[in-house]
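Analysis of the macromolecular model
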Amino acid sequence: MAGGTKRMSAEEKRSVILKIYHTTKQVYTEKEIVSLATKAGVNGNTVCDINQSLIDDGLVTKEKIGGSNYFWSFPGKKDRLLQIKYQNTLSSIETLKAKINDANVKLSDAKRGREEDPDTNERSKKIARLKELRDLNQKATKELESLKENDPQALADLEKELILCKEAANRWTDNIFECKSFLTKKRGMSSKEACKILGITSDFDYPEDKIPK
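Below is a short write-up of the structure. (Residues numbered from 1 in each chain as written. Predicted model: local features only at pLDDT ≥ 70, side-chain atom pairs only at ≥ 80, totals over all residues. Heavy atoms only, no water.)

A look at the sheet that holds strand S1 (residues 28-29)
Within the open sheet, the three strands sit side by side as S1-S3-S2. Their pairing is antiparallel. Two strands close off the open sheet at either side, each with one partner strand: S1 and strand S2 (61-65). Sheet topology places S2 next to strand S3 (residues 68-72); five bridges connect them, and they run antiparallel. Directly across from Lys62, in S3, lies its bridge partner Phe71. (Pairing = 2+ DSSP bridges. Helix = DSSP H or I, 4+ residues; strand = E, 2+ residues; numbered from the N terminus.)

Structure (structure tokens):
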């Protein structure tokens, strides 16, 4: 191969050009740096692009004086840029930490209104139990309606069972209303917010009396 020029990677070319600046500590025109870099083994057609990449990274300074552009870079510039980059990275980390802490605080505040207080930590069980009692009430009512023309004793027993189910459902309904009252009066929530947390609708009420007469 003519001249025996070694094929260089882009990073190797950057190192060669920077070394020229740092070794000579001189200011060059574009023509001069192209000439020196070519002599050092860099493909002349790529010198301008490589030099521009160094300028973009802040490793080489470019100034237009009169009608010409001048370029230079001193050894301490790279170290100073690394120091600035390091400080900026530390600053970014601290900023991110602050944002994370702020997000965690907001998340905790958002969750706090949804957490169960010691006085209401059984609300999920209460709602499930109330649903169970209401289902039993509904089932017993249907059985009662189907048996009302049959055995009088069976009818009487079923009526008693239905009354017990209704009374139990009423007690659990009382508990749910107490939880709702606590959330609205002690926690300052609106009725709508309390209903959402308790898993009930605005028309939630005591079971209707459907015991046949």
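Now that the structure is up, let's keep going.
Observations regarding the packing of aromatic side chains
Evaluation of the coordinates by the stated rule reveals one aromatic pair. Consider the rings of Tyr21 and Tyr28, whose centres lie 6.0 Å apart with planes at 55°: the pair is tilted. Comparing Tyr21 with Tyr28 shows no difference in burial state: the two are buried. (Phe/Tyr/Trp six-rings, centres within 6.5 Å; stacked < 30°, edge-to-face > 60°. Buried < 20%, exposed > 50% of the residue type's maximum accessible area, 1.4 Å probe, protein only.)

With respect to the packing of helix H2 (residues 30-39) against helix H3 (residues 47-56)
Two elements in contact, H2 and H3, have axes separated by 10 Å at closest approach and are oriented at 110°. On the basis of the axis angle, H2 is roughly perpendicular to H3. For the pair H2 and H3, the contacting residues are Glu30, Ile33, Val34, Ala37 and Thr38 in the first and Val47, Cys48 and Asn51 in the second. Among the residues forming the contact of H2 with H3, the class breakdown is five nonpolar, two polar and one charged. (Axes fitted to C-alpha atoms, helices over the stretch in contact; angles between N-to-C directions. Parallel < 35°, antiparallel > 145°, perpendicular 65-115°, else oblique. Contact = heavy atoms within 4.5 Å. Nonpolar A, V, L, I, M, F, W, Y, C, P; charged D, E, K, R; others polar.)

Section: unusual backbone geometry
Keep in mind that most residues, glycine aside, have a negative phi and that most peptide bonds are trans. In the Ramachandran plot, Lys25 falls in the positive-phi region, its phi being about 55° despite a non-glycine side chain. Mapping Lys25 onto the fold places it in the loop between helix H1 (10-24) and S1.

Side note on the environment of Ser53
Considering the arrangement of structural elements, one finds Ser53 in helix H3. Sequence spacing of Ser53 and Arg14 is 39 residues, and the spatial spacing of their C-alpha atoms is 8.3 Å. A polar side-chain atom of Ser53 sits 3.0 Å from a polar atom in the side chain of Arg14. Here Ile50 takes part through its backbone oxygen, which lies 2.6 Å from a polar atom of the side chain of Ser53. (Polar contact = N/O pair within 3.5 Å; in protein donor to acceptor, adjacent residues only side chain to side chain.)

With respect to the environment of Arg134
You can see Arg134 is positioned in helix H5 (residues 123-147). Residue classification places Arg134 among the partly exposed positions, given a relative accessible area of 27%. Sequence separation between Arg134 and Asn170 is 36 residues; the distance between their C-alpha atoms is 9.6 Å.

A look at the pattern of salt bridges
Per the stated rule, a full pass over the model turns up two salt bridges. The closest approach of N and O atoms between Glu11 and Arg14, which form a salt bridge, is 3.6 Å. With a gap of three residues between them, Glu11 and Arg14 both fall in helix H1, about one helical turn apart. Since its relative accessible area comes to 52%, Glu11 is described here as exposed. Between Arg14 and Asp57 there is a salt bridge, with its nearest N and O atoms 2.9 Å apart. Taken as a pair, Arg14 in helix H1 and Asp57 in the loop between H3 and S2 lie far apart in primary sequence, 43 residues in all. By relative accessible area, Arg14 is classed as buried at 14%. Taking the relative accessible area as the measure of exposure, Asp57 reaches 46% and is therefore partly exposed. Linked through salt bridges whose partners overlap, the residues forming this network are Glu11, Arg14 and Asp57. (Salt bridge = Lys/Arg side-chain N within 4 Å of Asp/Glu carboxyl O.)

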